[in-house]
Amino acid sequence: MAELISGKIVSEKLRSELRDEIAEFKLQCGRCPGLAVIVVGSDPASKVYVRNKHKACLDVGIESYQIEYPDGISEEELLLKIDELNADTKINGILVQLPLPNNISEKKVIERISPDKDVDAFHPANVGRITIGNYSFLPCTPSGIISLLDYYGVQISGKNCAVIGRSNIVGKPMALLLTERNGTVTLCHSKTQKLKEITLNSDIIVVAIGKAEFLTADMVKPGAVVIDVGINRNDEGKLVGDVKFDEVSQVASMITPVPGGVGPMTITTLLKNTLLAAKIQNK
Ligand code: NAD
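What you see is a predicted model, and the numbers here were worked out from it, not measured in a lab.

Q: Would you explain the overall build of the protein chain in this entry?
A: Looking only at helices and strands, the protein chain has 10 helices and 11 strands in total. Over its C-alpha atoms the protein chain spans a radius of gyration of 19 Å, differing by no more than 12% from the 19 Å that the globule rule assigns to 283 residues. Along the first, second and third principal axes, the C-alpha atoms of the protein chain reach 50 × 40 × 35 Å. Sequence-distant contacts, at least 24 apart, represent 69% of the contacts inside the protein chain between residues at least 6 apart.

Okay, here's the thing in structure tokens:
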């Protein structure tokens, strides 16, 4: 049976360190780091994510500013709000919860956020910096996964790594970060052929595709480390990942559960990035 990689445990440890660092920052600067989170529309999942981010900020001592807009808001109004937040010295990090309604261009919104306050690391300037290994912020989910692998002593250097899913927020940056750690990475996606051959040859498998229980035991090399990013509901309405946990955990050496694996690390890394942004802006 695989050892559980617990995002809850690692996240709690990192948050306790963050509480101390933020208290120290407050002593030195006379104020808390500030994070503005903008949510547009009434998507229930987005509301839950934003509420969780707000609670996490309170938990470590970050001032959280929640800005809510109805579905009908214009792109221009949102962009002007971002300009205002870019100029506001109380705000160190800005995050716009995605997806946005169809009348608003995500590309324009992401590019309007000042790269110095882009704690999601989605701005093209930050993405470029990550590509060349000269960055301040790392995107929250892949960076959280690297923290998990480090905490559990998983060696990346020299290992074959399969990343399944090539989104801009998870798959692509995950492949870059594993490459930076000297992993030999295969980035797989919906058009990949012979996926099973690739995964069976991989020591570390990261799955981020949004397909319930997609990765099955017959696709996993015995002893591999399996990281499940997916968040899905199965036919019975239960929250499950992209990995068929019950059977893959019989083959893998280590595995993340859903929930309690990658999810908590994503939010904790956002908190870490906000403190880092505050420190850089106060230099
Ligand atoms: P996405 O939904 O934007 O894209 C899906 C990707 O999966 C695409 O690159 C596609 O090519 C690939 N894909 C789809 N079917 C495939 C198949 N059969 N074989 C191989 N590749 C296939 O991706 P995303 O935004 O990274 O989200 C992926 C999942 O991760 C979702 O369930 C999402 O909710 C979850 N997620 C979780 C967290 C977290 O903190 N736990 C963070 C971000 C995303």
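Q: It is not clear to me how the environment of Pro-222 should be interpreted in this structure. Could you clarify?
A: Positionally, Pro-222 belongs in the loop between β7 (204–207) and β8 (225–228). Once the C-alpha coordinates of Pro-222 and Leu-200 are considered, the two residues, 22 residues apart in sequence, prove to be 8.5 Å apart.

Q: Would you mind showing me how to read the domain arrangement of the protein chain here?
A: It is common to give the size of an interface as the accessible area that goes away when the parts come together. On domain assignment, one finds that the protein chain holds domain 1 (30–114) and domain 2 (140–262). When each unit is reduced to the centre of its C-alpha atoms, the spacing between domain 1 and domain 2 is 29 Å.

Q: What's the story with the packing of aromatic side chains in this structure? I'm lost.
A: We describe a pair of aromatic rings using the distance from one ring centre to the other and the angle between the two ring planes. Counted by the stated rule, this structure contains one aromatic pair. With centroids separated by 5.2 Å and ring planes inclined at 65°, the aromatic side chains of Tyr-151 and Tyr-152 adopt a geometry described as edge-to-face. A relative accessible area of 15% means that Tyr-152 is categorised as buried.

Q: I'm lost on the nonpolar core in this one. Help?
A: Soluble globular proteins: nonpolar side chains tend toward being buried together. By size, the foremost hydrophobic cluster in this structure holds 50 residues, and its most contacted members are Ile-145, Leu-149, Leu-178, Val-206, Val-225 and Ile-227. Considering every element that reaches this core, the biggest residue donor is helix α10 (residues 262–281), with eight residues. Each of domain 1 (30–114) and domain 2 (140–262) accounts for three or more of the residues forming this core. In this structure Leu-178 touches Ile-146, Leu-149, Ile-156, Cys-161, Val-163, Gly-183, Val-185 and Val-206, once residues within four positions along its chain are discounted. In terms of nonpolar packing, the next biggest core, distinct from the first, is built from 17 residues, Ile-38, Leu-78, Ile-82 and Ile-113 among them.

Scoring rules and cut-offs
- Sequence order as written defines the numbering, with residues in each chain counted from 1.
- In view of the model being predicted, local features appear only for residues whose pLDDT reaches at least 70, and side-chain atom pairs are presented and counted only at 80 or more, with totals across whole chains, interfaces and linings using the full set of residues.
- Side-chain measures were taken over the full set of non-hydrogen atoms in the model, leaving aside hydrogen atoms and water.
- Per the convention used, a helix needs a DSSP run of H or I reaching at least four residues, while a strand needs a run of E reaching at least two, with both numbered from the N terminus.
- Put simply, the radius of gyration uses C-alpha atoms, and a globule should come to 2.2 Å times the residue count raised to 0.38.
- Residue contacts follow a heavy-atom distance rule, with two residues in contact if any of their heavy atoms lie within 4.5 Å.
- The split of the chain into domains comes from an automatic or database domain assignment.
- Note on aromatic contacts: the rings of Phe and Tyr and the six-membered ring of Trp form a pair at centre separations within 6.5 Å, being stacked when their planes are under 30 degrees apart, edge-to-face when over 60 apart, and tilted otherwise.
- Only protein chains enter the accessibility calculation, which uses a 1.4 Å probe; a residue whose area is less than 20% of its type maximum is buried, one above 50% is exposed, and one in between is partly exposed.
- The set of buried Ala, Val, Leu, Ile, Met, Phe, Trp, Tyr and Cys residues whose side-chain atoms join them within 4.5 Å is what this entry labels a nonpolar core.

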